Amino acid sequence: MAEVRLENVCKHYDKVVAVDNFNLSIQDKEFVVLVGPSGCGKTTTLRMIAGLETITSGRIFIGDRLINDLPAKERNIAMVFQNYALYPHMTVRDNIAFSLEMRKRPKEEIEQRVREAADILGIEHLLDRKPKQLSGGQRQRVAVGRAIVRKPEVFLFDEPLSNLDAKLRVQTRLELKKLHERLATTAVYVTHDQVEAMTMGDRIVVMKDGLIQQVGSPMELYNTPANRFVAGFIGSPAMNFFEAELAGGTDGLCLQSGEVRLDLLPEQCRRLERYGRKRILVGIRPEDFRPCERHEQGQTISGEVEVVEPVGNETYVNFRAGELNLIAAVGRKTIVQAHTRMVLQPAMEHLHLFDIDSGKSISK
Amino acid sequence: MAIERSGSKLFKFYLPLVMYLVFLLFPFYWMVNTVFKSDKELYDMSLNPFYIHHPTVHNIVRLFTETIFLRWMANTFFVAILATLISLAASLLAAYAIQRLRFKTSGPTGVAIFLAYLIPQTILFIPLASIIFKLKLWDSLWALVLTYPTFLVPFCTWLLMGYFKSIPKEMEECAMIDGASRIRIFWKIILPLCLPGVLSAGIFCFTLSWNEYLYALAFISSSAKKTVPIGLVTELVRGDIYHWGSLMAGALCASVPVALVYSFFVEQYVAGMTGALKE
């Protein structure tokens, strides 16, 4: 069991900066998820921890050991790859036993530990099969079995669920989380799927262009995103953004964007007075809209419904208010029809405000 | 409709296939035909040449009693197997290094090896002869064992490079994390996965070495050290007299081992040549 510490870690490929000044301390037994779009440097970071990629500068520690120059096999880590990387010519048993055989463990111990791992994952009946005889989900389990059999200090997962179908992904996600609780081992998990990140991580690291955007618990990221990128990345459907002018309202300040006007809460007014600029970026989560009967200028937004997307538990309503295209998530009991007018009230206390140029949050 | 389709398949597929087969197999038929004919029948223009009127094994008996054909066969086996093993060992390591170790000059090295393949044997045998002389290997089977890899290694290296490329890198990385060394990974993961590729490279080497003519002609002079292609041509063509029957008997016997090798490994050979790695 160990903590993982990355200090000022950088990775450059010639002139391209893949990871820039990455600082993170992962606690013992913590499940940390690195999330971000393709090419943001999350996999590179994971591969640097694994020892599959050299570090351009900075230091990485596992426990108290500086592992910068340690070969992968001496780092006492295990990794689950996106394509599972099972050895096709070996049986499941041999695949799981491989790492123990490489470390020249006695035969009885290998057999016992393979059985243990297979038992945990429910794949005892598959031990004599070859990978090509397994389904995607089963292969995924074998890949996990291969990782847990060695009882490493740190688990590294590189998008291990992305090759599974949607239903299986949800199920496996849950199983991985239970497995983590059971094994109580530090885990670093890379994904581009924000739902996976939210549901699995004790803490989430959001990355973009090689830089950390924000580190925090899932709800911290959801409730108080540090910038526009994090706000847009976390949450599904994505947050609505629009630029607005600060104007004098009925009672304090209000936001004005075309024909849409929203009165700000007194606390928000005080903060924006200190902020001093006239144009800001406003973010409203689709689920923070509530359907209303009557339009009240300053309190609600009235618009024309363009597309209705029912997903079962809720309905996504794409509507147009003046120049703004917005999306709202309303309860399944609300009956909405396309090409009708609809009035929606945003929860002003959950409004997100950002600086237009830097995209940084000015809500708090 | 169904009749029409089967009719079109007959003309578009089976007929061309049969014609192609006849075209390919006719030389073999002619070879067998000649082996079992006496000289008198062979040169009698009044008889139907496609048919054996008075079968005889005289030509085969003459091949095995009047020449040292079995010795030539043994020589050819010795040279072909050793040249194949040397070439495979060298190309496996070269292809793996170029494809996976990714050193600075790995790209140019791959190209350079391929360029070596483009140098015609007819040019290369002159400098090679001088080297063989200096190594005092003239008129020795080792001259052939050592020179054949000059044309075998480049092709095999390229064939295997393509094959190694098809193996996911993650598999090696996973083995690396699991605690395996490079050599171990090569031996336990890469080699078993590349077996079809290695087999087809091996068959390729074996066949080329078996049939090689120019270097064998240039570097070997004594009868006891000749390989089959040279032995047959130099000992069974005397002046302007061609011993057609025995020549063909020799060619027939010499093609048997190659045919056997192909028939055993045909599936792997096809898979290897098309670079298919099925998971």
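Residues numbered from 1 in each chain as written. Chains lettered and ligands numbered in written order. Predicted model: local features only at pLDDT ≥ 70, side-chain atom pairs only at ≥ 80, totals over all residues. Heavy atoms only, no water.

Enquirer: What am I meant to see in the pairing of strand 1 (residues 4-13) of chain A here?
Expert: It is a general feature of regular strands that their side chains alternate between the two faces of the sheet. Residues and elements named next belong to chain A. Where strand 1 and strand 2 (residues 16-26) come together, 7 bridges link them in antiparallel fashion. Along strand 2, the bridge assignment pairs Arg5 with Ser25. Counted between consecutive antiparallel strands, the loop separating strand 1 from strand 2 contains 2 residues, among which Asp14 sits at a positive phi close to 50°. Where strand 1 and strand 4 (residues 57-62) come together, 5 bridges link them in antiparallel fashion. (Pairing = 2+ DSSP bridges. Helix = DSSP H or I, 4+ residues; strand = E, 2+ residues; numbered from the N terminus.)

Enquirer: Help me understand the packing of helix 8 (residues 149-165) of chain B against helix 11 (residues 195-211) of chain B, please; the structure alone is not making it clear to me.
Expert: Helix-helix packing: each pair is described by the crossing angle between the helix axes and the interaxial distance. Residues and elements named next belong to chain B. Orientation of helix 8 relative to helix 11, taken along the N-to-C sense of each, is 165°, at an axis distance of 10 Å. One finds that helix 8 runs roughly antiparallel with respect to helix 11. The interaxial crossing formed by helix 8 with helix 11 has right-handed handedness. Side by side, helix 8 and helix 11 meet where Phe151, Leu152, Phe155, Cys156, Leu159, Leu160 and Tyr163 of the first sit next to Pro196, Gly197, Val198, Ser200, Ala201, Phe204, Cys205, Leu208 and Ser209 of the second. (Axes fitted to C-alpha atoms, helices over the stretch in contact; angles between N-to-C directions. Parallel < 35°, antiparallel > 145°, perpendicular 65-115°, else oblique. Left-handed = near helix turned anticlockwise from the far one by under 90°. Contact = heavy atoms within 4.5 Å.)

Enquirer: Mind showing me how you'd approach the domain arrangement of chain A here?
Expert: Interfaces are frequently sized by the accessible area removed from exposure as the parts join. Residues and elements named next belong to chain A. Domains assigned within chain A are domain 1 (4-233) and domain 2 (240-354). A straight line from the C-alpha centre of domain 1 to that of domain 2 covers 39 Å. The partner domain 2 presents 6 residues to the 8 residues of domain 1 that form the contact. Contact with domain 2 buries surface across domain 1, with Tyr222, Arg228 and Ala231 losing the most and accounting together for 75% of the total. Our enumeration of links across domain 1 and domain 2 arrives at 2 residue pairs in polar contact (both at pLDDT 80 or more). Contributions of two or more residues to the side of domain 1 that touches domain 2 are made by helix 7 (218-223) and helix 8 (228-233). Across the side of domain 1 that touches domain 2, the residue classes tally to 4 nonpolar, 3 polar and 1 charged. (Domains from an automatic or database assignment. Buried area = accessible area lost by both parts, 1.4 Å probe. Polar contact = N/O pair within 3.5 Å; in protein donor to acceptor, adjacent residues only side chain to side chain. Nonpolar A, V, L, I, M, F, W, Y, C, P; charged D, E, K, R; others polar.)

Enquirer: Can you walk me through the packing of helix 4 (residues 69-101) of chain B against helix 8 of chain B in this structure?
Expert: All names here are of chain B. Where helix 4 meets helix 8, the closest approach of the two axes is 7 Å, and the angle between their N-to-C directions is 45°. Judged on the interaxial angle alone, helix 8 and helix 4 are oblique. Crossing geometry of helix 4 relative to helix 8 is assigned as right-handed. Where helix 4 approaches helix 8, its residues Ala83, Ile86, Ser87, Ala90, Ser91, Leu92, Ala94, Ala95, Tyr96, Ile98, Gln99 and Arg100 are matched on the opposing element by Pro149, Leu152, Val153, Cys156, Thr157, Leu160, Met161, Phe164 and Lys165. Partitioning the contact of helix 4 with helix 8 into residue classes produces 15 nonpolar, 4 polar and 2 charged.

Enquirer: Just to check I follow, could you spell out the pairing of strand 9 (residues 203-208) of chain A for this structure?
Expert: All names here are of chain A. Bridge count for strand 3 (residues 31-35) against strand 9 is 4 bridges, and the pairing is parallel. Among the inter-strand pairings, Val33 is bridged to a residue of strand 9, identified as Ile204. Across 5 bridges, strand 9 lies against strand 10 (residues 211-216) in antiparallel orientation. Directly across from Met207, in strand 10, lies its bridge partner Ile212. Counting the residues that bridge the hairpin from strand 9 to strand 10 gives 2 residues, and of these Asp209 lies at a positive phi of roughly 50°.

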